[in-house]
Amino acid sequence: MSAYIIEGGHPLDGSVRIHGAKNSVLPILAACLLAPGECVIHNCPELSDVAASLDILRHLGCRAERQGDAVVVDASAPTGWDVPDALMREMRSSVIFLGAILGRMGRAELCAPGGCELGPRPIDLHLGAIRGLGGRITEDGGGLRAEGALRGADLVLSLPSVGATENAMLAAVCAAGTTTITNAAREPEIVDLQGFLRAIGAKVHGAGSSVITVEGGVPLHGGSYAVMGDRIVAATYLAAAASAGGTVEVTGVDYRHLSTVSAVLREAGCDVQSGAESIRLRRDGPLQGVRPVRTAPYPGFPTDAQAPLMAALTRGKGCTVFVENIFESRYRHVDELSRMGADIRVEGRVAVVYGVPRLHGAQVRATDLRGGAALAVAALGAEGRSELTGVHHIDRGYQSLEGDLRRLGAEIRRI
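Let me begin by describing the structure that accompanies this report.

Reading guide: rules and limits
- Residues numbered from 1 in each chain as written.
- Predicted model: local features only at pLDDT ≥ 70, side-chain atom pairs only at ≥ 80, totals over all residues.
- Heavy atoms only, no water.
- Helix = DSSP H or I, 4+ residues; strand = E, 2+ residues; numbered from the N terminus.
- Rg over C-alpha atoms; globule rule 2.2 N^0.38 Å.
- Buried < 20%, exposed > 50% of the residue type's maximum accessible area, 1.4 Å probe, protein only.
- Contact = heavy atoms within 4.5 Å.
- Phe/Tyr/Trp six-rings, centres within 6.5 Å; stacked < 30°, edge-to-face > 60°.
- Lys NZ or Arg CZ within 6 Å of the ring centre and 35° of its normal.
- Polar contact = N/O pair within 3.5 Å; in protein donor to acceptor, adjacent residues only side chain to side chain.
- Pairing = 2+ DSSP bridges.
- Axes fitted to C-alpha atoms, helices over the stretch in contact; angles between N-to-C directions.
- Parallel < 35°, antiparallel > 145°, perpendicular 65-115°, else oblique.
- Nonpolar A, V, L, I, M, F, W, Y, C, P; charged D, E, K, R; others polar.
- Arc of directions from axis to C-beta.

### Observations regarding the overall build of the protein chain
For the protein chain, the count of helices and strands is 13 helices and 24 strands. Over its C-alpha atoms the protein chain spans a radius of gyration of 21 Å, differing by no more than 12% from the 22 Å that the globule rule assigns to 415 residues. Expressed as a percentage of its 415 residues, the buried residues of the protein chain come to 57%. Long-range pairs, those at least 24 residues apart, make up 71% of the contacts in the protein chain between residues at least 6 apart in sequence.

Structure, rendered in structure tokens:
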């Protein structure tokens, strides 16, 4: 089992280019199954979740291989319609293959997905969307089967779920007629999926708004597409600079996708400057507590950035209140931060962070992806040596976190 050894107290300095977005590339890889030809996905990060997606595509009879920073998928003749339990357990996002497999193959069999334990994340909205398009779904013993010819429909999501929106889009591309998805998620990653679907010939409009229209049944073909930069990775590195001090520039991301994160960091006392595809943060004074941070669907504050920002603000003068509105169990990093000297009180969905003068190095353990990144952020600003275990969780969403941080001057190594 791998671990990070981090010597805190070293300010960061330099520039880092942000790799492709995990939350974009996973549904895009699922969408490759829809194209009867070769798809080339550029700026595709080397993550364990990406590797799991490629394994699923290979199991389904596709050719899937990496070529540098690109991945090539040929779904000319898929042969499978099931995803076995071992592959489903690799990542929560594996459920995104449901709509694509059913749409392309006419039937699908999946087991319950795995991934980070962040509390209940029911897939009822996913199943409701598929049923709304005419899919017949039966659930049995932790698995589900879907079959039936899909037809366009008016879908109304009770919540703007990102995954349900993506699954509905993928299935609707294969449905006969027009589908309208109302109360759709508005995240930039949804816009990225639309961009790829258009690149392979699909007619999809409205991504980025609350209403998406899909004209289904259009002939598709192979294509090439470059994935957007990962805004959560960028937010993590900005939080790392806020924690450790110094000046860091992240490039390859749209600053508008990080406006809520940048606003909080400015309020905390950081100097944040944005360019067309870059954000520069300087922190040379003490951090301050900020007004309550409430996670919300885009364009609100992203739940995935909550933990790294909390880690930085453990040393903010005063107190900061976090309200987690997306997941029920997204404070699992709090106990580990407390081992480093943080003063955080949790009650339900609310966490109150009382700033302390300093953190100290400690042995800590990552239990989920973003919580693990948060512990690395805290360790960079702590005094002394920290050992962070459970970094396989971090590998799900960060391509060589330690390498990027070392290039910025951090004392971090993997053992």
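### Regarding the packing of aromatic side chains
Summed over all chains, the structure comprises one aromatic pair. Ring geometry for Phe-196 against Tyr-225: centres 6.2 Å apart, planes inclined by 75°, an arrangement best described as edge-to-face. Note that Phe-196 is positioned in helix H7 (residues 188-199) and Tyr-225 in strand E14 (residues 223-226), a separation of 29 residues in sequence. Looking at Tyr-225, the relative accessible area reads 17%, which means it is buried. For Arg-107, the ring lying beneath its charged end belongs to Trp-81, and the centroid distance is 3.4 Å.

### Focus on the environment of Thr-179
In this structure, Thr-179 sits in strand E11 (residues 177-182). With 25 residues separating them along the chain, Thr-179 and Val-204 place their C-alpha atoms 9.5 Å apart. For Thr-179, the contacting residues outside a window of four places in its chain are Leu-133, Gly-152, Ala-153, Leu-155, Ala-172, Ile-212, Thr-213 and Val-214. Separated by 3.4 Å, the side chain of Thr-179 and the backbone nitrogen of Ala-153 make a polar contact.

### Some words on the pairing of strand E16 (residues 271-275)
Pairing analysis gives five bridges linking E16 to strand E17 (residues 278-283), with the strands arranged antiparallel. Bridge pairing links Ser-274 to Ile-279 in E17.

### Side note on the packing of helix H1 (residues 22-32) against helix H2 (residues 48-59)
Where H1 contacts H2, the axes come no closer than 10 Å and their chain directions differ by 0°. Of the possible angle classes, the one that applies to H1 and H2 is roughly parallel. In contact with Lys-22, Val-25, Leu-26 and Leu-29 of H1, H2 contributes Asp-49, Val-50, Ser-53, Leu-54 and Leu-57. Of the residues that constitute the contact of H1 with H2, the class distribution is six nonpolar, one polar and two charged.

### Quick notes on the sheet that holds strand E7 (residues 107-111)
What links the strands of a sheet is backbone hydrogen bonding, and the strands pair in either a parallel or an antiparallel sense. Taken together, four strands build an open sheet; the order of strands is E6-E7-E9-E8 and the sheet is mixed. Looking at the sheet topology across the chains shown, the edges are occupied by strand E6 (82-83) and strand E8 (136-140). Sheet topology note: the E7/strand E9 (residues 143-147) ladder contains five bridges and is antiparallel. Bridge assignment links Ala-108 to a residue of E9, and that residue is Ala-146.

### Re helix H9 (residues 259-267)
Where H9 is concerned, the buried positions are Val-261, Ser-262, Val-264 and Leu-265. Each buried residue of H9 lies within a common arc of 160° when the element is viewed along its axis, so the set occupies one face. Buried-residue contacts for H9 involve helix H8 (231-244), E16, E17, strand E18 (293-294) and helix H10 (306-313). Immediately beyond the C-terminal end of H9, within one or two residues, lies Gly-269, with a positive phi of roughly 110°.

In short, shape yes, function no, at least from these values alone.
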